Amino acid sequence: MLDRTQSPLTVEPVATPPVAAMVMGRPVQDAADLLPRLFNLCRASQDVAVRMAFDLPLADGWEAALSQDIARDHLLKLGVILPQRLGLAPCVVPSPDLAEMAASLVGDDPFPKTGDGFETFLMSATPLAEVMQAVDACFAPKEASVQGLAPPEVATPDANAALENSVAARHLKHPVMLHVAQTRGQGPLWRIVARVLDMLTALEGNLPIPVKQDDWVMVPAARGSYFVQGSSRDGLVTSFTRITPTDHMLAKGGIMEQSLARLPEGKQRMAPLLVDILDPCVQVTITGGKQDA
């Protein structure tokens, strides 16, 4: 008889370039110029993080660039990529006017500030509500959810720690986030609400201020927070460490592992959708279950 024991879903990221080796011994200005170009996702976040790590001046208008970078990433994910994954038409047309894109996605009324308001919004016909309705229908309460993960802190971060290093960490106490966590769990819909709140926060220019403590820099990004530590001597890089939200997401016991573990066997076909919602910044391969994805 065939052994039909179900194997758990696991995820393997593609190899990433050895960042430290690429900048060691180079002038700090070269490192600051190279890294945002090499890793062009969240380019403004990385530019700010590297410059702060090496005590270089920040570029003129960096606050606006950072906010726009993050808002644009959220808008494309919410309005183009996720709708297509869900079989829906794109909700927004890419435009330099991010506020206009957000209005076409969310609708004319402000995004709700209470749990009851959210449930009413969820039943509306706005493009964003339709995306949320589709996700809510895909995952039952507590499916593909996480629990027990602490938000990241700037002091001595650990790349191998299982942390809630995501945009959700910036909005944990928002009433709608608390409501969704209670009614559905800290799962896919909870993460989409967090992305919406972060998009609106970025458009308002109210993102957390980048900080430097104990030589570590923490900068907000579209997937959570970047951490960078660097040192130099005579203008040349002597050490460099970069920790991304994806490092924490893929850590043992972290967001990805917990989410996949709480995806029922009958819904493992939804693993690609789940990965799109979690949004690692590197390509990953899912193995196990009924088939590899």
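Quick caveat, the model's predicted, so the values are computed rather than measured.

Student: I would appreciate a short explanation of the overall build of the protein chain in the present structure.
Tutor: The number of helices and strands found in the protein chain is 12 helices and 6 strands. Against the globule reference of 19 Å for 293 residues, the protein chain gives a C-alpha radius of gyration of 20 Å, in line with a compact fold. Each of the three principal axes of the protein chain carries a C-alpha extent, and together these read 60 × 60 × 30 Å. Residues classed as buried in the protein chain amount to 51% of the 293 residues present. Contacts spanning at least 24 positions in sequence make up 65% of the contacts within the protein chain whose residues lie at least 6 apart. By element, 53% of the accessible surface of the protein chain is carried by carbon and sulfur atoms, the whole surface being about 13,900 Å².

Student: It is not clear to me how the environment of V146 should be interpreted in this structure. Could you clarify?
Tutor: When you line up the elements, V146 lands in the loop between α7 (127-138) and α8 (175-183). Residue V146 is classed as buried on the basis of its relative accessible area of 3%. Taking C-alpha positions, V146 is 27 Å from V217, a pair spaced 71 residues apart along the chain. With near-sequence residues (within four places) excluded, V146 lies in contact with E164, Q186, R191, I255, Q258, S259 and R262.

Student: Please explain the sheet that holds strand β3 (residues 216-221) as it appears in this structure.
Tutor: Strands in a sheet are paired, the pairing made by backbone hydrogen bonds, and the direction either parallel or antiparallel. Strand order in the open sheet formed by 4 strands is β2-β3-β4-β5, with antiparallel pairing between adjacent strands. Edge positions in the sheet fall to β2 (211-213) and β5 (236-243), since each has one partner strand and no second. Each strand axis lies, on average, 25 degrees off the axis of its neighbour in the sheet, ignoring direction. Both β2 and β3 contribute to a ladder of 3 bridges, which runs antiparallel.

Student: Looking at this structure, I do not really get the nonpolar core. What am I missing?
Tutor: Among soluble globular proteins, nonpolar side chains are generally buried collectively. Among the nonpolar cores identified, the biggest contains 88 residues, and L105, F111, F118, M132, F139, V193 and F240 are the most heavily contacted of them. It is helix α9 (residues 188-203) that provides the largest number of residues to this core, a total of 9 residues.

Student: Any chance you could explain unusual backbone geometry here in plain terms?
Tutor: Glycine aside, a negative phi is what most residues show, and trans is what most peptide bonds show. Located in the positive-phi region is D215, a residue other than glycine, with phi close to 70 degrees. Within the element layout of this structure, D215 appears in the loop between β2 and β3. Note on D215: relative accessible area 49%, which makes it partly exposed. Positive phi values are uncommon outside glycine, yet D234 reaches one of about 55 degrees.

Student: Help me out: how do you make sense of the pattern of salt bridges in this one?
Tutor: Note that side chains of opposite charge can pair when their charged atoms are close. For the coordinates displayed, the defined rule picks out 15 salt bridges. Among the salt bridges present, the one from D55 reaches K212, with a minimum N-O distance of 2.9 Å. With D55 in the loop between α3 (43-53) and α4 (62-85) and K212 in strand β2, the pair connects residues that are 157 residues apart, well separated along the chain. Across the salt bridge formed by R223 and D279, the nearest N and O atoms sit 3.4 Å from each other. Highlighted residues: R223 in the loop between β3 and β4 (224-233) and D279 in the loop between α12 (271-278) and β6 (284-287), separated in sequence by 56 residues. The class for D279 is buried, based on a relative accessible area of 6%. One continuous salt-bridge network, built from bridges that share partners, spans D73, K77, R195, R223 and D279.

What counts and what doesn't
Residues numbered from 1 in each chain as written. Predicted model: local features only at pLDDT ≥ 70, side-chain atom pairs only at ≥ 80, totals over all residues. Heavy atoms only, no water. Helix = DSSP H or I, 4+ residues; strand = E, 2+ residues; numbered from the N terminus. Rg over C-alpha atoms; globule rule 2.2 N^0.38 Å. Buried < 20%, exposed > 50% of the residue type's maximum accessible area, 1.4 Å probe, protein only. Contact = heavy atoms within 4.5 Å. Areas by Shrake-Rupley, 256 points an atom, 1.4 Å probe, with all protein chains shown as cover. Pairing = 2+ DSSP bridges. Axes fitted to C-alpha atoms, helices over the stretch in contact; angles between N-to-C directions. Core = buried A, V, L, I, M, F, W, Y, C linked by side-chain atoms within 4.5 Å. Salt bridge = Lys/Arg side-chain N within 4 Å of Asp/Glu carboxyl O.

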